[in-house]
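# Architecture at a glance
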Amino acid sequence: MTAHGTTAGRRRPAPPRSELLRVLVLTAIALPWVLIPMWLLLVNSVKPYGEASRLDLAPPREWRWDNFAVVFEEGDYPTALLNSLAIAVPTLASVLLFGSMAAWAFARSRRVSMKVAYNVCVLSVLLPPAVLPTIYELQTLGIDGTRLGYFLVMVGTRLGVVVFLATGFVRAMSVEIEEAAAIDGASKPQIFRLLIVPSLLPVLLVGGVILIITIWNEFLFALFLLRGEESATLPLGLFRFASASSEVVAFRWDLVFAHVVLTSLPLVIVYLFVQRRLVQGLSEGAIKG
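Residues numbered from 1 in each chain as written. Predicted model: local features only at pLDDT ≥ 70, side-chain atom pairs only at ≥ 80, totals over all residues. Heavy atoms only, no water.

This brings us to the overall build of the protein chain. When helices and strands are counted, the protein chain shows 13 helices and zero strands. Reading the helices (α) and strands (β) of the protein chain from amino to carboxyl end gives α-α-α-α-α-α-α-α-α-α-α-α-α. Here the protein chain, with 289 residues, has 35% of them falling under the buried criterion. When contacts within the protein chain are restricted to residue pairs at least 6 apart in sequence, those whose partners lie at least 24 apart make up 69%. In the form shown here, the protein chain has an accessible surface area of approximately 17900 Å², with 69% of it arising from carbon and sulfur atoms. (Helix = DSSP H or I, 4+ residues; strand = E, 2+ residues; numbered from the N terminus. Buried < 20%, exposed > 50% of the residue type's maximum accessible area, 1.4 Å probe, protein only. Contact = heavy atoms within 4.5 Å. Areas by Shrake-Rupley, 256 points an atom, 1.4 Å probe, with all protein chains shown as cover.)

Structure follows, in structure tokens:
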């Protein structure tokens, strides 16, 4: 009892002063790079047109919350938001599913053809996007300018990220567990669903965070592959809204900043909901590793 009480009552040793000082210095360096741009974005989104044009950090003399209402109505924000969700959610689900399947196949195969296929897939992370050949291929298939074509391009260009992250993780996993499950009568889909996916969860969470940011903020392919206002995503809608405002008067920085805030708001909301699960998954992955 005494020994147990003594062990339970022990406290973790305090971190060294050098480590604490290093954390404080890094925090002091990093905070201005985060807080100052965020403050500039938020404070100019609620300024009148004249004050926002100065692009300074001063608080507004008059708080113009109606800037968001103008963007919501004139910028066709609801349609662009639905288009972004209709692209981002299926793309993220497809890339995580097919990427984890491909990573399992690449990690367990010893064939030369599979190694070549893995290297080609990973090259998509490094190579710049080939816009013109992509447009030609979509025109040949008859889906150029459609959300379906844009969705397929997003899946194809993002698949290499998950394959690269997950393949090495699967290679480090023990094969004996999968062999034992196969001897007990488990099929390949069951092994993948019950053994591989739970083990890959930390990697998929990291890949999901990277993917949702890049997919949500994708502009280049959206500019060339989507046609019409009814199919524009939020970054493309922001570009068209800013361009239209600059043709009428000088660049409307107040409305542009307000549009940027509304464009980033869904990602902030998603992060607030998943941050605890994300940190927990990363901690579990570090302990298993």
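Counting residues in hydrophobic clusters, the biggest one holds 57 residues, and the most contacted among them are Y150, L211, F221 and L225. In this view, F221 contacts P129, V131, T134, Y150, V153, M154, T157 and L226; residues no more than four positions away in its chain are not counted. (Core = buried A, V, L, I, M, F, W, Y, C linked by side-chain atoms within 4.5 Å.)

This next bit is on the pattern of salt bridges. Scanning all chains against the criterion turns up six salt bridges. A salt bridge links D56 to K47; the nearest nitrogen and oxygen atoms lie 2.6 Å apart. In this structure, the salt-bridge partner of R252 is D254, at a minimum N-O distance of 2.8 Å. Residue classification places D254 among the buried residues on the basis of a relative accessible area of 1%. (Salt bridge = Lys/Arg side-chain N within 4 Å of Asp/Glu carboxyl O.)

Considering all chains together, one arrives at seven aromatic pairs under this definition. When the ring of W65 is compared with that of F68, the centres are 6.4 Å apart and the planes differ by 25 degrees; the resulting orientation is stacked. When its relative accessible area of 56% is taken as the criterion, W65 is described as exposed. Given the relative accessible area of 17%, F68 is considered buried. Taken together through their ring pairs, the aromatic side chains of W63, W65 and F68 make up a single cluster. Above the face of the Y118 ring, R171 is positioned so that its terminal group lies 5.1 Å from the ring centre. (Phe/Tyr/Trp six-rings, centres within 6.5 Å; stacked < 30°, edge-to-face > 60°. Lys NZ or Arg CZ within 6 Å of the ring centre and 35° of its normal.)

Attention shifts here to the confidence of the model for the protein chain. Across the protein chain, the average pLDDT comes to 83, with 88% of residues at or above 70. Between the elements of the protein chain, mean pLDDT differs from a low of 49, seen in helix α1 (residues 2-8), to a high of 93, seen in helix α5 (residues 77-108). Low pLDDT, under 50, characterises residues 285-289; the stretch is placed with two contacts to residues that sit more than four places away or in other chains. (pLDDT = per-residue confidence, 0-100.)

To continue, consider the packing of α5 against helix α10 (residues 188-216). At a minimum axis separation of 8 Å, α5 and α10 run at an interaxial angle of 135 degrees. By the angle class used here, α5 and α10 are oblique. Of the two possible hands of crossing, α5 and α10 adopt the one that is right-handed. Within the contact between the two elements, α5 uses L81, S84, L85, A88, T91, L92, V95, L96, L97, S100, M101 and W104 and α10 uses K188, I191, F192, I196, L200, L204, G208, L211, I212, I215 and W216. For the contact of α5 with α10, the class distribution of residues is 18 nonpolar, four polar and one charged. (Axes fitted to C-alpha atoms, helices over the stretch in contact; angles between N-to-C directions. Parallel < 35°, antiparallel > 145°, perpendicular 65-115°, else oblique. Left-handed = near helix turned anticlockwise from the far one by under 90°. Nonpolar A, V, L, I, M, F, W, Y, C, P; charged D, E, K, R; others polar.)

Let us look at the environment of R61. Looking at the secondary structure, you find R61 in the loop between α3 (49-52) and α4 (66-74). Of the residues examined, R61 reaches a relative accessible area of 74% and is grouped as exposed. Separated by 13 residues in the primary sequence, R61 and P48 place their C-alpha atoms 8.6 Å from one another.

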